[in-house]
Amino acid sequence: MKHPRLSLVSLALAAALPAAPAFAQEALETVTVTARKRVETLQDVPVAVTALGAESLERLNVRNLGDLQGNVPSLTLYAARGSNTTITTFIRGVGQADPLWGVDPGVGIYLDDAYIARPQGALLEVFDVQRVEVLRGPQGTLYGKNTIGGAVKYVSKPLGTQFSGQASASFGSFGQFNARGAVGGATTDGELRGRVAFATMNRDGFGTNLTDGTGVSDQDTTAARVSLGWFPKNSPVDVQVSFDDTTDQSGMRGFQRLATNRFVPGDTLMSSRYDIKSGMPNKNRTDSSGHALTANWRLGDDWALKYIYSHRQSATDTGIDFDGLPNKIADVLATYTDDSDSHEFQLTSGKGVLGLYRFSGDAGGRVRNNFFNASFGDTNGRVYTTGTAVFGDYEWDLSPALSLSTGLRWTQEEKRAVVLNRAFSNDSFTTPIATVSDFDKTRKVNNVSPRLSLGYEMSREVKFYASASRGFKSGGYNIRANVTAVPDSAKPFEDEELDSYELGAKMLLAGGKLELNTALFHNNYKNVQLSVFTSFIQANGQPGFFGDFTNAGRANVNGLELEFIWRPSSSFQLRGNASHIDAKYKEYFDRGVNVASQKWFSNTPKNSAAIDAEYRFPAFGGELRTRLGASYRSKVYPTTDLSEAIAQPGYTLVNAGITWAKDANLSVSLQASNLTDKAYRTDGYNIPALGVLSGFYGPPRQVSLGVNLRF
């Protein structure tokens, strides 16, 4: 599916140069998705879903999943505070910003059919991709407990029967050098197929650690995937295996201190939004890998049986300097590891799916905190999770124009938290002097998530749907618990539950030249899980803090979304989206007082919109494509403490690009992102007990020149 953009230059050129039939046809192409775990067209599926194909992702300069923000309504997606590859995702106000183990995401991330259980390493680089699907709203029936807000599905290139490949390289601002490549083929009879893909992303830092001169907010990421398949002739069975690995060796994220630290006499601020003065080692390594097996057995013309096995693991070793100064005020060394296996059986037809799912995994690590070089404590432990689910989803034709889709998922989960948090005598963390939490607790939960959807086909071009669905996210234990300071911190936090009611329309108008999709939703959100900082005074009189968990009782989230693609001619296309979200707490108790009226949702702009356009014309023996795009987001609170100093006011980002294509196999492009060099915060820290107030900023203006070759 093609989603090009328009540049101002093209408007002047349009009058002077003849239009060429740049697009193969004026009508928009039909896009297929697997949002309901069966192949359907985008316009037929009664779900709010955005699908961007490989060509659209390339033209929109989507380099990793973070670049989807602005291209999908109601989506917030960015790199977390400490890492290039740790993801923070919210859809329609639902997500989870805390990357520590024991905390489940609210938006599921999938690499092909494999669920990525932890945020570390989940901010996937986009290479050798078939499409990316973003499903908005709870997907509890088909995708389970960790998709209460929605799901992001990365679908890689399928195994083909012909030899083919692609290679690209780009150079740009801040010493950028990116290279991507893939090659695939098959034996003469097509029974054995394979594909290998790789990517390397390198960039100097946006800022500098002025203490040791090393770069911060840099990138040093390599990734690879290998896929093999056996497709025997005259057999209903095929088997595919895949392996992937990503290594991120980037340094610390740079940030701007927004206030002087009262514990540092004579402290001064810097104007740079990326430079820091950290005294910690500049390390921030994440390794993420996995392998999967998929077996298909075609049972007839309409039925098939699929088995999917997936194993994933990751390890992170990072330094987090909360204060950004050489002084030892809040220096943290953290290591995370996780390991998970999943099995899924699907019995599918053109009308539905019946499935069985099993997940087992463990995640843990150690976080060592040095406060003022006087207080030394750690967070140490693991969380073990096992879950089983049975699900089904089927569509019934009530009449030629009316259909009923029903779904149900039963989930049983057991989560065990083993926690040992202690205080130590010095920064060697070898001699414990106190134990602040020591427990081994298990929590079991059962949940039933239903879905009901009614579809009405006014014509092949105009379709409406009304749906009611439920999603949930299991609770757990705060592995940062400090029972000595806050006894209740060892108690479990509760399961989230969200009931969503949605009206939608999918329309193909103007003879197939205009695609217009809308969705109106009302969500009842219960037991909202929130990660907060709790400050306290330690026994030695020094201020301290720890990351706590709480549940806000009830909230309502109402919203309206719109997406469109308009192709009035073969040379011009306009694409845009807009969303309005009204998210309000109804019940939020703090020390026995309902403070709901004083609280706001984090990572949820009330209004957002984007528009992108492209004009194409013949030039220099090929085709020149010019584009211009802008995206707007209203005020956002990135953290649950709702600090006005960290809150990001409304802002607009502008992107542009020019691509010359000799033919379908060779192109050269000049891309520019954040063209106006807008300074905008994506995250931050506000910890008064440590004198910390800081903001993490999105990337500055970047310009790159790239070459892409297909064969």
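So, how was this worked out
Residues numbered from 1 in each chain as written. Predicted model: local features only at pLDDT ≥ 70, side-chain atom pairs only at ≥ 80, totals over all residues. Heavy atoms only, no water. Pairing = 2+ DSSP bridges. Helix = DSSP H or I, 4+ residues; strand = E, 2+ residues; numbered from the N terminus. Buried < 20%, exposed > 50% of the residue type's maximum accessible area, 1.4 Å probe, protein only. Contact = heavy atoms within 4.5 Å. Polar contact = N/O pair within 3.5 Å; in protein donor to acceptor, adjacent residues only side chain to side chain. Phe/Tyr/Trp six-rings, centres within 6.5 Å; stacked < 30°, edge-to-face > 60°. Lys NZ or Arg CZ within 6 Å of the ring centre and 35° of its normal. pLDDT = per-residue confidence, 0-100. Core = buried A, V, L, I, M, F, W, Y, C linked by side-chain atoms within 4.5 Å. Axes fitted to C-alpha atoms, helices over the stretch in contact; angles between N-to-C directions.

Draft legend 1. Summary view of the pairing of strand E39 (residues 702-710). Note: strand E11 (residues 164-172) against E39, seven bridges, orientation antiparallel. Counterpart to Ala167 in the pairing with E39 is Leu709. Bridge analysis of strand E36 (residues 666-673) against E39 gives eight bridges, and the strand direction is antiparallel. By the bridge assignment for E39, Leu666 is matched with Leu709.

Draft legend 2. Quick look at the environment of Thr141. Inspection of the secondary structure assignment puts Thr141 in helix H3 (residues 140-143). For Thr141, a relative accessible area of 4% puts it in the buried group. When the C-alpha positions of Thr141 and Val45 are compared, they lie 15 Å apart, and in sequence the two are 96 residues distant. Every residue in contact with Thr141, bar those within four places of it in the chain, is listed here: Phe391, Gly392, Asp393, Gly407, Leu408, Arg409, Ser449, Pro450 and Arg451.

Draft legend 3. Main features of the sheet that holds strand E37 (residues 681-687). The antiparallel open sheet is built from three strands, whose spatial order is E18-E38-E37. Each edge of the sheet is formed by a strand with only one pairing partner; in this case those strands are strand E18 (256-257) and E37. Inspection of the sheet shows E37 paired to strand E38 (residues 692-697) by six bridges, in the antiparallel sense. When the sheet's bridge partners are listed, Asn686 is paired in E38 with Leu693.

Draft legend 4. Geometry of the side chain of Glu125. Summarising the element assignment, Glu125 is placed in the loop between strand E8 (114-116) and strand E9 (129-136). Look at Glu125 and you get buried, because its relative accessible area is 8%. Within the structure, Glu125 has its side chain in polar contact with the side chain of Gln219 (distance 3.1 Å). Those residues within four positions of Glu125 in sequence are excluded, and the remaining contacts are Arg63, Asn64, Tyr154, Arg180, Met201, Gln219 and Thr221.

Draft legend 5. Region of interest: the packing of aromatic side chains. Inspection of the entire model under this criterion finds 25 aromatic pairs. Judged by centre distance (5.0 Å) and plane angle (40°), the rings of Phe255 and Phe696 are tilted. With Phe255 in the loop between strand E17 (237-248) and E18 and Phe696 in strand E38, the pair connects residues that are 441 residues apart, well separated along the chain. Assigned by exposure class, Phe255 and Phe696 land together as buried. Here Phe376 and Phe429 contribute two aromatic rings whose centre-to-centre distance is 6.3 Å and whose plane-to-plane angle is 90°, an arrangement assigned as edge-to-face. Residue Phe376 is found in strand E23 (residues 375-397), and its partner Phe429 is found in the loop between strand E24 (402-424) and strand E25 (432-457); the two are separated by 53 residues along the sequence. On the basis of relative accessibility, which here comes to 7%, the residue Phe376 falls in the buried class. Take Phe429: its relative accessible area is 9%, and that puts it in the buried class. Put simply, the rings of Tyr110, Tyr115, Tyr143 and Phe359 touch in pairs and so form one group of aromatic residues. Over the ring of Phe127 we find Arg225, and its NZ or CZ is 4.3 Å from the ring centre. In this arrangement the basic side chain of Lys441 is found over the ring face of Phe439, its NZ or CZ atom lying 5.2 Å from the centre.

Draft legend 6. Highlighting the confidence of the model for the protein chain. Per-residue confidence for the protein chain gives a mean pLDDT of 92; residues scoring 70 or more make up 95%. Within the protein chain, the element-level pLDDT minimum falls on helix H1 (residues 8-16), averaging 35, and the maximum on strand E13 (residues 192-203), averaging 98. Note on residues 1-22: pLDDT under 50 across the span, and 71 contacts to partners over four residues away in sequence or across chains.

Draft legend 7. The arrangement of the environment of Ala485 in detail. Counting through the fold element by element, Ala485 comes out in the loop between strand E26 (462-473) and strand E27 (496-509). Counting along the chain gives 16 residues from Ala485 to Ser469, while the straight-line C-alpha distance between them is 40 Å.

Draft legend 8. View of the nonpolar core. Of all hydrophobic cores here, the largest spans 34 residues; its most connected members are Trp101, Phe322 and Leu690. Taken together, the elements giving at least two residues each to this core come down to strand E21 (330-348), strand E22 (352-371), E24, E37 and E38. Counting residues per element, this core draws most heavily on E21, at four residues. Setting aside anything within four residues of it in sequence, one finds Phe322 in contact with Phe255, Ala330, Val332, Phe533, Phe545, Tyr685, Ile687, Val692 and Ser694. Grouped together as the second largest cluster of nonpolar side chains are 31 residues, Leu111, Leu123, Val132 and Tyr154 included.

Draft legend 9. View of the sheet that holds strand E7 (residues 107-111). Spatial ordering of the open sheet is given by E3-E9-E10-E7-E8, a layout of five strands whose pairing is mixed. Looking at strand neighbours, the two that pair on one side only are strand E3 (49-53) and E8, the edges of this open sheet. Strand-to-strand twist of the sheet, defined as the mean angle between neighbouring strand axes without regard to direction, takes the value 20°. When E7 meets strand E10 (residues 150-156), the two strands line up parallel, connected through five bridges. The residue of E10 that forms the bridge with Leu111 is Tyr154.

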